[in-house]
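Chain by chain, the residues:
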Protein chains: 4
Amino acid sequence: MNNKDKPIPSWQRKLHEVIYEADTPMGRGFDIALLILIVLSIILVMLESIKPLYSQYYWEFYTAEWIITILFTIEYVLRIISIRKPIRYIFSFYGIVDFLSTIPTYMALFIGGGNLFFAVRALRLLRVFRVLKITRYMGESNKLVEALKNSKAKIFVFLFAVLIICIIMGTVMHLVEGEAGGFDNIPLSIYWCIVTLTTVGFGDIAPITPLGRLIASFIMITSYGIIAVPTGIVSAEYSRSSKPIPTNTQVCPYCNESKHLDKAEYCHNCGNKLNEK
Amino acid sequence: MNNKDKPIPSWQRKLHEVIYEADTPMGRGFDIALLILIVLSIILVMLESIKPLYSQYYWEFYTAEWIITILFTIEYVLRIISIRKPIRYIFSFYGIVDFLSTIPTYMALFIGGGNLFFAVRALRLLRVFRVLKITRYMGESNKLVEALKNSKAKIFVFLFAVLIICIIMGTVMHLVEGEAGGFDNIPLSIYWCIVTLTTVGFGDIAPITPLGRLIASFIMITSYGIIAVPTGIVSAEYSRSSKPIPTNTQVCPYCNESKHLDKAEYCHNCGNKLNEK
Amino acid sequence: MNNKDKPIPSWQRKLHEVIYEADTPMGRGFDIALLILIVLSIILVMLESIKPLYSQYYWEFYTAEWIITILFTIEYVLRIISIRKPIRYIFSFYGIVDFLSTIPTYMALFIGGGNLFFAVRALRLLRVFRVLKITRYMGESNKLVEALKNSKAKIFVFLFAVLIICIIMGTVMHLVEGEAGGFDNIPLSIYWCIVTLTTVGFGDIAPITPLGRLIASFIMITSYGIIAVPTGIVSAEYSRSSKPIPTNTQVCPYCNESKHLDKAEYCHNCGNKLNEK
Amino acid sequence: MNNKDKPIPSWQRKLHEVIYEADTPMGRGFDIALLILIVLSIILVMLESIKPLYSQYYWEFYTAEWIITILFTIEYVLRIISIRKPIRYIFSFYGIVDFLSTIPTYMALFIGGGNLFFAVRALRLLRVFRVLKITRYMGESNKLVEALKNSKAKIFVFLFAVLIICIIMGTVMHLVEGEAGGFDNIPLSIYWCIVTLTTVGFGDIAPITPLGRLIASFIMITSYGIIAVPTGIVSAEYSRSSKPIPTNTQVCPYCNESKHLDKAEYCHNCGNKLNEK
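Because the structure is predicted, anything quoted here is derived from the model rather than measured.

Visitor: Any details on the confidence of the model for chain A? Residues and values, ideally.
Guide: All names here are of chain A. Looking at chain A as a whole, the pLDDT averages 78, with 77% of positions reaching at least 70. The least confident element of chain A is helix H12 (residues 228–242), whose mean pLDDT is 69; the most confident is helix H10 (residues 186–197), at 92. Across residues 243–249, where pLDDT falls below 50, the model places 13 contacts with residues more than four positions away in sequence or in other chains. Predicted complex, confidence summary: ipTM 0.78, pTM 0.80.

Now the structure itself:
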């Protein structure tokens, strides 16, 4: 029995339109309602983490959580039944995000009370990943993601080089500063080095010996010089991907090809003469 | 009765020239006087907020404030009566700013003494918005604002993505660090995450567990990699809107070739002499 | 006896292939094994620096260290005997790094016990430079290094200018703040100035007088304005070295015009058909 | 008596060559000696500011200071007598710097003892400006300075806009946080706002109320978005001033003019035909 040839029932088609598309008033309404639900749910998770609030409004949080979970469950079920190939949706990025948005609350029921405290807490906080549902509405097709993807390899090499610098300089600082300034061990020194090189600078660990400060100055000056590198990469990549050559606005009169080089006299697509500028 | 056809009285035209334009000596004088008044007023608001100073020079501050308010009121009235369409000015950005520059002092009279303390204080501090009057003289027509406006949508998407990262990583840090390092609740952890990702790094909250520091390192390295994104956007947008090369606007009188070097005296295309600049 | 004309024994050729190249399964296996060994070795050095861990697992660390050192020694010896010109390798960057990866452990044997403590510690930490062995696999040929090299001179001048600003402003801050805010002496003030200008901002030293804070504000605003300079340099250098448009390397067989668009099928200069790709 | 027509005595010409030029071995030697003297002098001023060192080596510092001052005085005198138009040198940037490098030590003699302590200290620290003598050797002709100069106006407007944001947000933070978080008065709040917006983040002042932290988050996210602006400006300015023109390495065979446009066939300077490429 070929699934592909079965005609789609009209209720499924309509449901699909409402849930997956935003062209109809119903579809737009669904999207807005979902957005509000997501934002509410995130705010709820945030407020729950504030202890005095949680103990005071325990039942309100509990009820709201279940209402939201049930609504997300309905959304998840609707998404599955309204699509032709549910398997593909279920294992897609958003399918997994939608699943993870509902499951923690149910699982908390089974794990139960006090002794698995950390697991329950982790489960509860997992709900914050619901925020990823929002990315659906962010218009990923923009050139930003593309530019980042294109320069991914170069940025990775750069960050790796930064890490190597941090490992070496962190070890040097551990040797020079010792335990006085808080550079107790190498991992900690490397952590400090990352904090410094990225110009975050918490200040919980800071060199106190003259030599340590001299080396720190050297690291900071270096960071000032190399912070330009990722910018240069993305900048060049971005301006390449968004500024693409076609300053020549001619269109070939034979094959309608646009995007010619500035000095082009013949169409590169069909070989015919372009109009005079 | 058509307002448009009524001839503008000469006093109104002259007043308009002085107040709204800067070509005449009078107009320039008015602008400079106003600039000084604005700066003085801002300094006054700042100094007033220093408690010992305020209690010592209470009457001086009070008097100066009223003089400045009255001068701003006169300016506001003059602006209204010297313009043809007062309504349009009143509801324009600068009309509202000019109004807000005068009203707080008057309102403070009516609200009066001790019991509405916060409202009075807020009103008084509202006067700091007078600084926006300065933007009138900043030459908004520059390409900066334009470049920012063009990349507004992309920057917004980027900042939104940063916020989502902060929400997720903030929750993770809350789970990992707990209350020991100051990550008492999720909003606080998200605040820390924003402080870190933007490389501000106050250090009032900082991770203290090894795992927390590892995740923090990861966040910081990421921030170093993505700080390039807004730069790339604005950079590309800006260089697109402002990179025209042909600063020499001469056109060869023989072959009509434009785009000559700045110092060119002969056409590089046909070898004929260019016109004198 | 001319070394060059001697035929290379087949065992040496095979060894060279395995060690220096990554095309064969054996060569790739060797590289992966080495990578794992390097990472393990770095993790070991890091963990060793954590005192409680070190005292508890002293013998495990000791044994692992000797195993790793012996493996690196074997690698070093194999690299020397498998190459035609060992001298060139020995004094190359990686030759020195490979040598420094093995020698500290052996030297620690001779220096021995307690009284040369710092030297031993320095020797032990020298092992962290093993991380540089990884750079072999990072593909240095990328344009990043090239762009950095090209703008090296300009970045150096820039950083030197930053240093001069820091020396002058550091002295001014020392004069203004005195010892109250922690600006005890000029080197310390310069250190603070570097911390501030690079936007790291630890906060261990911070101005507390109003004038000091005013000057600090001025320094920070300046830093915000000049942080763009290295970015601009690398950005321009990078986009110059990497934005050549002619990714299509075809050359027109009729007029020898190169630089065609990627999808070009006809020469834009003479209109003739380009060769099939 | 016309100064211009008087022939330059040979001793003056030779002295000029040694002091102002670096082509001869003598001239290069003079430059290197001066550079070492400047660096020594700066290190001396730095070390002097470290109290324990100063009290221990008082006489050594005193002697060294006088030796350096006398050497700089000799240099200053030589520069004046070896030049044709001393007045022009004296009031030039380097003339003033050279003068300020010598005068503080002499003036300290006249002002004398304890009661004018601050003035003496300021005088002594003035010597740090000797570092500006180094800029003579930094090759100002580079494009960096040019790019900065060209974008000066735009960067100034940008920094001014940042200042206005800081004034307004500083006032808001003062209102919201009050004195609890250290936002005692508006100037202090503005200082905090500058520290935050420039991503320095000392952490000596930090918001502690939830609303204050929310606003701070907003400020930081904004800073992340606008840090790109100066970069974009300088980047575009820099790539414009350094990328454009002389990719064509042809030199006109008639007038030796280099720097022609890529497609130039005639010299833009004298109108003669350029050589075929």
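Visitor: Let's hear about the domain arrangement of chain A: which residues, and what values?
Guide: Along its sequence, chain A is organised into domain 1 (3–133) and domain 2 (140–240). The C-alpha centroid of domain 2 of chain A is placed 38 Å from the C-alpha centroid of domain 1 of chain A.

Visitor: If you had to explain the pattern of salt bridges to someone new, which residues and values would you point to?
Guide: For the structure shown, the criterion picks out 12 salt bridges over all chains. Notably, a salt bridge pairs Glu75 of chain A with Arg79 of chain A, separated by 2.7 Å at the nearest N-O pair. Here Arg79 of chain A and Glu75 of chain A lie together in helix H4 (residues 58–82), a separation of 4 residues that amounts to about one turn. A residue is classified by how much of its surface remains accessible, and Glu75 of chain A, at 4% relative accessible area, is buried. In this structure, Asp98 of chain B engages Arg79 of chain B in a salt bridge whose closest nitrogen and oxygen atoms are separated by 3.6 Å. Residue Asp98 of chain B is found in helix H6 (residues 93–111), and its partner Arg79 of chain B is found in helix H4 (residues 58–82); the two are separated by 19 residues along the sequence. Each member of the salt-bridge network shares a partner with another, and the members are Glu75, Arg79 and Asp98 of chain A.

Visitor: Give me the lowdown on the packing of aromatic side chains, citing residues and values where you can.
Guide: Counted under the stated rule, the structure contains 48 aromatic pairs over all chains. Each ring, one from Trp59 of chain B and one from Tyr62 of chain B, has its centre 5.5 Å from the other, and the planes form 75°; the classification is edge-to-face. Pair noted here: Trp59 of chain B and Tyr62 of chain B are both in helix H4, with a separation of 3 residues, about one helical turn. Between the aromatic rings of Tyr58 of chain D and Trp59 of chain D, the centroid separation amounts to 5.3 Å while the plane-to-plane angle is 85°, which identifies the pairing as edge-to-face. By relative accessible area, Trp59 of chain D is classed as exposed at 58%. Three or more aromatic residues joined by ring pairs make a cluster, and in this case those are Tyr54, Tyr58, Trp59, Phe61 and Tyr62 of chain A.

Visitor: Report on the relation of the copies chain A and chain B, specifying residues and quantitative values.
Guide: For the match of chain A to chain B, the screw axis carries a shift of 0.0 Å, the RMSD comes to 0.1 Å, and the turn is 90°. Taken together, the rotation and translation relating the two chain copies correspond to the operation of a four-fold axis.

Visitor: Give me the lowdown on the nonpolar core, citing residues and values where you can.
Guide: Trp192 of chain A, Trp192 of chain B, Trp192 of chain C together with Trp192 of chain D are the most contacted members of the largest nonpolar core, which has 226 residues in total. Setting aside residues up to four positions removed in sequence, Trp192 of chain B forms contacts with Phe202 of chain A together with Met173, Phe183, Ile205, Ala206, Pro207, Ala216 and Ile219 of chain B.

Criteria and cut-off values
Residues numbered from 1 in each chain as written. Chains lettered and ligands numbered in written order. Predicted model: local features only at pLDDT ≥ 70, side-chain atom pairs only at ≥ 80, totals over all residues. Heavy atoms only, no water. pLDDT = per-residue confidence, 0-100. Helix = DSSP H or I, 4+ residues; strand = E, 2+ residues; numbered from the N terminus. Contact = heavy atoms within 4.5 Å. Domains from an automatic or database assignment. Salt bridge = Lys/Arg side-chain N within 4 Å of Asp/Glu carboxyl O. Buried < 20%, exposed > 50% of the residue type's maximum accessible area, 1.4 Å probe, protein only. Phe/Tyr/Trp six-rings, centres within 6.5 Å; stacked < 30°, edge-to-face > 60°. Least-squares fit on C-alpha atoms with pLDDT ≥ 70 in both. Core = buried A, V, L, I, M, F, W, Y, C linked by side-chain atoms within 4.5 Å.

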